[in-house]
Amino acid sequence: MNLLIKDGIVVNADGQQHSDVLIENGLIKQISPNIIPSESCQVIQAKACYVMPGGVDVHTHFNIDTGLARSCDDFFTGTRAAACGGTTTIIDHMGFGPKGCSLHHQLATYHQYAAEQAVIDYSFHGVIQHIDQAIIDEIPTMVADGISSFKLYLTYQYKLNDSDTLQALKQLKTAGALTTVHPENDAIIHYLRNQFLAAGQTEARYHALSRPSECEAEAIARMINLARLADNAPLYIVHLSNGLGLDYLRLAKAHQQAVWIETCPQYLLLDERQYLREDAMKFILTPPLRNIREQDALWCGISDGTIDVVATDHCSFPYRQRLELAKGDFSRCPNGLPGVENRLLLLFSAGVISGRISPERFVALTSSKPAQLFGLWPRKGCLAPGSDADVVIIAADKRTTIRHKELHDNADYSPYEEMVCQGAIIHTLSRGKPVFSQGQFIGNAGWGQFLHRQPFQTS
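Along each chain, the written sequence defines residue order, and numbers are assigned to residues from 1. Local features in this predicted model are restricted to residues of pLDDT 70 or higher, and side-chain atom pairs are both shown and tallied only at a pLDDT of 80 or more, whereas totals for entire chains, interfaces and linings draw on every residue. Each side-chain value is worked out from all heavy atoms of the structure, with water and hydrogens disregarded.

## Remarks on the overall build of the protein chain
Per the secondary structure count, the protein chain includes 13 helices and 17 strands. Put simply, the radius of gyration uses C-alpha atoms, and a globule should come to 2.2 Å times the residue count raised to 0.38. Relative to the 2.2 N^0.38 estimate, which gives 23 Å for 459 residues, the radius of gyration of the protein chain is 21 Å and therefore close to what a compact globule would have. Viewed in the frame of its principal axes, the protein chain has a C-alpha envelope of about 70 × 50 × 40 Å. Element-wise, carbon and sulfur atoms account for 49% of the exposed surface of the protein chain, whose accessible area totals about 17100 Å². Distance from the positive charge centre (39 side chains) to the negative charge centre (48 side chains) of the protein chain: 2 Å. Counting from the N terminus, the helices are DSSP H or I runs at least four residues long and the strands are E runs at least two residues long. Using a 1.4 Å probe, the Shrake-Rupley method yields the accessible areas, and only the shown protein chains count as cover for residues. The charged-residue count follows a simple rule in which Lys and Arg add positive charge and Asp and Glu add negative charge, with His and chain termini not counted at all. Just so you know, the charge point we use is NZ for Lys, CZ for Arg, CG for Asp and CD for Glu.

Right, dumping it as structure tokens:
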């Protein structure tokens, strides 16, 4: 299908212009004013709208089994929700496999999960559960198979100790891969949680108190030093939620260390007061929601360019399931929030419309920088001749009220219920094909393709 987007404000990370966008055979063909459409060309009118690269969400958890429960969004419902929110590419963090399994075990499992299901293009992050020589030797073959980033955990069932983490950092750098890390001090979390449980303090607010910001910040500082010991191995910190950790990362960047930072809308727009609500179990996630001061620190990092990426950490469990499993005990509640459909609009409203960031910075945070870091640039993350025609069109003059009954994920609630956003997602195109238009999902399962990502490069 050939398609022409007329009269929009075309925004990339490096600038904006009033232009038309011509799409042929799924690729951007031309960007310039006053393109005359052919008779067979479909036309989308985008006057007074922003025409931007489709979102690249590099932190989702679809179909993940956490041990307590399996998330309710699979690769169809999760990518459907993403498409309806203007996201055209996701990179999913694969869950843990059986004890002692190979890296390719989970890759094969996730290929089965996503094939013929995904609505938009997708890839996966490798997950390292343990370190031995077989895993070290397998990392380069995973990179050759298009998996150029891997996640390490400093907490949870398959946490890595410092010596294993250092080995992983060294080999991942050598193999051309980016190390992504969930940073929390596991020992302190266990100590505090056990104290609360022993005292009968099981309400949702004790989840947050058992994982204070210092636990996250200490682990971030430790990872910075380990990466430095690994000859400045590239390091990506996921879901940053606090200002002290941001200070450590800002210092590392000032010393020319190869570190990048991700945060999420929940840490910018929600806070610890949610844990005082009657339905507080809806907001159990890790790291937990913080206070307003931490929010302000993160917004400063967004505004001054220190934070590189806004992703979602979408990991949804129905509220009814949370209540059934938790039975009033935060430690038994499945962990994570839905939100893949709301990321772009929340940040557009709270960031661009509020004047905190420019439209160009918005594109950098949500599309271009993640595409560059994770081996997808320039196929993804920009509107330029030869790039995939992944496009989101946003009307700034409209308002959207978030209501879960109008969303497209498989959860039964939204943490952003009744939040009013200035702006509306009007159209989403995936490789030139409309998958969302004027409030209607019009995509198809199986349209999404696996993305073989390039090895990591710092430049």
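## Thoughts on the environment of Glu 24
Structurally, Glu 24 can be placed in strand β2 (residues 15-24). The contact partners of Glu 24, leaving out residues within four places of it in the chain, are Asn 2 and Lys 29. Residues are treated as being in contact if the distance between any of their heavy atoms lies within 4.5 Å.

## Structural notes on the UniProt feature "domain: Amidohydrolase-related" (unreviewed entry) in the protein chain
UniProt positions are given in the numbering used here, feature names are shortened, and annotations may be inferred rather than shown by experiment. Those places that UniProt annotates as "domain: Amidohydrolase-related" (unreviewed entry) correspond, in this numbering, to residues 50-435. The span residues 50-435 is 37% helical and 18% strand by assignment, and the distance between its end C-alpha atoms comes to 18 Å.

## Quick notes on the pairing of strand β3 (residues 27-32)
Pairing between strands is defined by DSSP: at least two bridges between them are needed. Relative to β3, β2 is paired through five bridges, and the arrangement is antiparallel. Bridging from a neighbouring strand, Val 21 pairs with Ile 31 of β3. Counting the residues that bridge the hairpin from β2 to β3 gives two residues, and of these Asn 25 lies at a positive phi of roughly 55°.

## Remarks on helix α3 (residues 133-144)
A simple rule labels every residue: compare its accessible area, found with a 1.4 Å probe on the protein chains alone, to the largest value its type can have, and call it buried under 20%, exposed over 50%, or partly exposed in between. Within α3, the full set of buried residues consists of Ile 135, Ile 136, Glu 138, Ile 139, Met 142 and Val 143. Viewed end-on, α3 has its buried residues packed into an arc of 165°, placing them on one side of the element. Exposed residues on α3 whose side chains face more than 90 degrees from its buried face are Gln 133, Ala 134 and Ala 144. At the N-terminal boundary of α3, the capping side chain belongs to Asp 132, with an oxygen 3.1 Å from the backbone nitrogen of Ala 134. One or two positions beyond α3, positive phi appears at Gly 146, with a value near 95°. Taking the helix axis as origin, the arc is that swept by the directions to the C-beta atoms. Here a polar contact is taken to be a pair of N or O atoms separated by no more than 3.5 Å, where protein atoms must pair a possible hydrogen donor with a possible acceptor and residues adjacent in sequence count only if both atoms sit in side chains.

## Side note on the pattern of salt bridges
For this analysis, a salt bridge means a side-chain nitrogen from Lys or Arg found within 4 Å of a carboxyl oxygen belonging to Asp or Glu. According to the stated counting rule, one finds 22 salt bridges in the structure shown. A salt bridge links Glu 218 to Arg 222; the shortest N-O distance between them is 3.1 Å. Of this pair, Glu 218 and Arg 222 both sit in helix α7 (residues 213-229), separated by four residues, roughly a single helical turn. Classification of Glu 218 as partly exposed rests on a relative accessible area of 31%. Across the salt bridge formed by Lys 380 and Asp 390, the nearest N and O atoms sit 2.7 Å from each other. With Lys 380 in the loop between α13 (359-373) and β14 (391-401) and Asp 390 in the loop between α13 and β14, this residue pair connects regions lying ten residues apart in the sequence. By relative accessible area, Asp 390 is classed as buried at 5%.

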